[in-house]
Amino acid sequence: MRVCLISPPYSSAVKSAIGTTSPPLGLAYLASVLRREHEVRIIDANILDYSLEDVRRELKTFHPDIVGITSVTPSIPRAFDTARIAKEVNENCTVVMGGPHVTFLPEESMRECRYIDVIVRGEGENTTEELVNTIEKNGSLRKVKGITFRDGARIVSTEPRPFIKNIDDIPFPSRDLLPIYKYKAYGIAYTTMLTSRGCPFGCSFCASSRLFGKFWRGRSAGNVLEEIRMIRDEYKIRNIEFIDDTFTLDKRRVEEICDGIIRERLDVSWGASSRVDGITERLAEKMKKAGCWIIYLGIESGCQKILDEIGKRITLDQVRKAVNAIKKAGIQVLGSFIIGFPGETVEMIEKTIRFAKRLNLDWAQFSILTPYPGTPLFEYAVKNNLLLTRDWSKYTATQPILKLKDVTEEQLKRLFRKAYLSFYLKPKKVWEWIRNRQFVLLKNAINLAIDYLRGKV
């Protein structure tokens, strides 16, 4: 069968900020499973700057039997539009949709978009392979675990599919089906890798533990090193971003990966994410020797009360120690913060901003709390009628979505802007940009400050 996998056209906040998007790794994994028996094509409309009409043209050319569409919450309206176009091109094609949003709101999504035939819930490789083979043989969809589908006027959900126990068994993603050299950050080609799935922590604002399970599943060091070698040798790419929720959860595995990179002189530059309690000075030093240049820390708040309430299970002292350990090793640090939690006050948010500025961070990312479907906070917000909107296109982590008792929407927007401006326009940061000749970053920051003072942002 002909299968076309699509990441729909959507201008994300990340693309607006740095001018690029990451490869749709999930689709590339699905392609590797499906192409063993089927003809597969991937359309990453984002990186190609495609419009919906460009997608229509490509579908007319390829004429697929099955169209698979992935989407996160803010891009779901464009995913629905893509599904409509697929049916307009070929009303007999089967439209399948996957991703976190439809995983947690399958029936609502199918009611919102009548062009969707099937939804794949959760981890997609085994489910999608069985689904495509079942469609090809005109088999019963009721026997396929992990899907939601239309049966006449009814919407039917089958039982959940168990998670893949040994993720070494999943073939490497089909990067050859992507415009691999278009993925560049500041002119440097890079790609992404996923070396583990699952999260045992269950923070209230995150759906990862529900999407991929509470049981953490890590690929073996040997399997990870094999993919790094492939990326370096076949694609000549030496910049990698590990997109695991917590790359450092198993410190011994991280050391084995680092030892392999050093031993084989793979000469790659990479970044990864960690919890603050997953970093030690020894581990940071080993990561630096293996080519790690940046570590992303999910700090979230500078208020211990908020950290406790959201189930983060870290302390502010652990944050300081982790940042110091990373900086001591010579690695850059990006700290991620969220403002606008239930029960948060203006003073608490101001405290977070001050905390971010006092830490020895190279970069800071601030987000407005967005209760995405699948998170405990979404369920709490729905139960207590706290959602300001269900317009999914606004769920970008840059707009207020939640009604707060002690902070108005305008106050939250202003604090969000203040967080960025006060962090990136502090004298130390400006001097650092001048010293490193990062004039584009400095120009963007100054323009943002001017717009802010004029009331444009």
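Shown above is the structure to which this text applies.
Residues numbered from 1 in each chain as written. Predicted model: local features only at pLDDT ≥ 70, side-chain atom pairs only at ≥ 80, totals over all residues. Heavy atoms only, no water.

Visitor: Honestly, helix α11 (residues 281-289) in this entry has me stumped. Any pointers?
Guide: Three or four residues apart is the spacing at which side chains of an α-helix point the same way, because the helix has 3.6 residues per turn. For α11, every residue scored as buried is listed here: L283, A284, K286 and M287. Relative to the axis of α11, the buried residues are bounded by an arc of 160° and lie together on one face. When the buried face of α11 is taken as reference, the exposed residues oriented beyond 90 degrees from it are R282 and K289. Looking at the buried positions of α11, the neighbouring elements they touch are α10 (251-263), β14 (269-274), β15 (292-300) and α13 (316-328). Two residues or fewer after α11 comes G291, characterised by a positive phi angle close to 110°. (Buried < 20%, exposed > 50% of the residue type's maximum accessible area, 1.4 Å probe, protein only. Helix = DSSP H or I, 4+ residues; strand = E, 2+ residues; numbered from the N terminus. Arc of directions from axis to C-beta. Contact = heavy atoms within 4.5 Å.)

Visitor: It is not clear to me how the environment of V72 should be interpreted in this structure. Could you clarify?
Guide: Turning to its location among the elements, V72 is positioned in the loop between β3 (66-70) and α4 (76-89). With 210 residues separating them along the chain, V72 and R282 place their C-alpha atoms 37 Å apart. The contact partners of V72, leaving out residues within four places of it in the chain, are P100 and H101.

Visitor: Teacher, can you tell me more about the pattern of salt bridges here?
Guide: It is possible for side chains bearing opposite charge to pair when their charged atoms get close. Applying the stated criterion across every chain, the model contains 37 salt bridges. A salt bridge links R142 to D151; the shortest N-O distance between them is 2.6 Å. By relative accessible area, which is 46% here, R142 ends up partly exposed. By relative accessible area, D151 is classed as partly exposed at 32%. The closest approach of N and O atoms between E281 and K328, which form a salt bridge, is 3.2 Å. Taken together, the residues span a long stretch of sequence, with E281 in helix α11 and K328 in helix α13 at a distance of 47 residues. On the basis of relative accessibility, which here comes to 57%, the residue K328 falls in the exposed class. Through salt bridges with shared partners, a single network forms among E53, R56, R78, D81, R84 and E88. (Salt bridge = Lys/Arg side-chain N within 4 Å of Asp/Glu carboxyl O.)

Visitor: How do you make sense of helix α15 (residues 376-383) when you look at a structure like this?
Guide: Every buried residue belonging to α15 is among L377, F378 and A381, and all of these are buried. The arc enclosing the buried residues of α15, seen along the axis, measures out at 100°, which places them on a common side. Looking one or two places after α15, you find N385, whose phi comes out positive at around 55°.

Visitor: What's the story with the packing of helix α2 (residues 25-34) against helix α7 (residues 125-136) in this structure? I'm lost.
Guide: The packing of two helices is summarised by the inter-axis angle and the distance between the axes. In contact at an axis separation of 9 Å, α2 and α7 are set at 45° when each is read in the N-to-C sense. On the basis of their axis angle, the class for α2 and α7 is oblique. Crossing hand, α2 versus α7: right-handed. Between α2, through Y29, L30, V33 and L34, and α7, the contact on the second element is made entirely by E125, T128, E129 and V132. Considered class by class, the residues forming the contact of α2 with α7 number five nonpolar, one polar and two charged. (Axes fitted to C-alpha atoms, helices over the stretch in contact; angles between N-to-C directions. Parallel < 35°, antiparallel > 145°, perpendicular 65-115°, else oblique. Left-handed = near helix turned anticlockwise from the far one by under 90°. Nonpolar A, V, L, I, M, F, W, Y, C, P; charged D, E, K, R; others polar.)

Visitor: Explanation requested: the pairing of strand β1 (residues 2-7) in the structure shown.
Guide: In regular strands, side chains alternate between the two faces of the sheet. Most of β1 sits inside the fold, with five of its six residues counted as buried. Relative to strand β2 (residues 39-44), β1 runs parallel, the two being bridged by six bridges. Considered in β2, the bridge of C4 is made with R41. For β1 and β3, the ladder comprises four bridges, and the chain directions are parallel. Bridge pairing in β3 places I6 opposite I69. (Pairing = 2+ DSSP bridges.)

Visitor: I'm lost on the packing of aromatic side chains in this one. Help?
Guide: The relation between two aromatic rings is expressed through the spacing of the ring centres and the mutual angle of the planes. Tallying each qualifying case throughout the model produces 14 aromatic pairs. Here the aromatic residues F337, W363, F366, F416, Y420, F423 and Y424 are joined through ring pairs into a cluster of three or more. Lying across the ring of Y50, R57 places its NZ or CZ 5.6 Å from the centre. A cation over a ring is seen here: R275 above F201, with NZ or CZ 3.7 Å from the ring centre. (Phe/Tyr/Trp six-rings, centres within 6.5 Å; stacked < 30°, edge-to-face > 60°. Lys NZ or Arg CZ within 6 Å of the ring centre and 35° of its normal.)

Visitor: Could you clarify how one ought to interpret the sheet that holds β15 in this entry?
Guide: The strand order β10-β13-β14-β15-β16-β17 describes an open sheet built from six strands, whose pairing is parallel. The two strands at the open ends of the sheet, each matched to only one other strand, are β10 (191-193) and β17 (363-368). Taking each pair of neighbouring strands and ignoring which way they run, the sheet shows an average axis angle of 20°. Of the strands in this sheet, β10 and β13 (239-242) touch helix α9 (residues 221-235), which is tilted by about 170° from β10. On the sheet, helix α16 (residues 409-424) packs against β16 (332-339) and β17 and is oriented at approximately 175° with respect to β17.

Visitor: Please clarify how the sheet that holds strand β6 (residues 147-151) should be interpreted in this entry.
Guide: In a beta sheet, neighbouring strands are held together by backbone hydrogen bonds and run either parallel or antiparallel to one another. Spatially, the seven strands line up as an open sheet ordered β2-β1-β3-β4-β5-β6-β7, and their pairing is mixed. Strands with a single pairing partner mark the edges of an open sheet, and in this sheet they are β2 and β7 (154-157). The average undirected angle you get between the axes of adjacent strands in this sheet is 20°. The strands touched by α2 within the sheet are β1, β2 and β3, with β1 carrying the most contacts at an inclination of about 170°. Contacting β1, β2 and β3, helix α3 (residues 52-62) runs over the sheet at an angle of about 170° to β1.

Visitor: Got a minute to help me understand the packing of helix α14 (residues 346-358) against α16 in this structure?
Guide: α16 packs onto α14 with a crossing angle of 15° between their chain directions and a minimal axis gap of 10 Å. Here α16 runs roughly parallel to α14, going by the angle between their axes. The interaxial crossing formed by α14 with α16 has right-handed handedness. Residues V346, I349, E350, I353, A356 and K357 of α14 form the contact with α16, whose own contacting residues are Q411, L412, L415, K418, A419, S422 and F423. Residue composition of the contact of α14 with α16, grouped by class: eight nonpolar, two polar and three charged.

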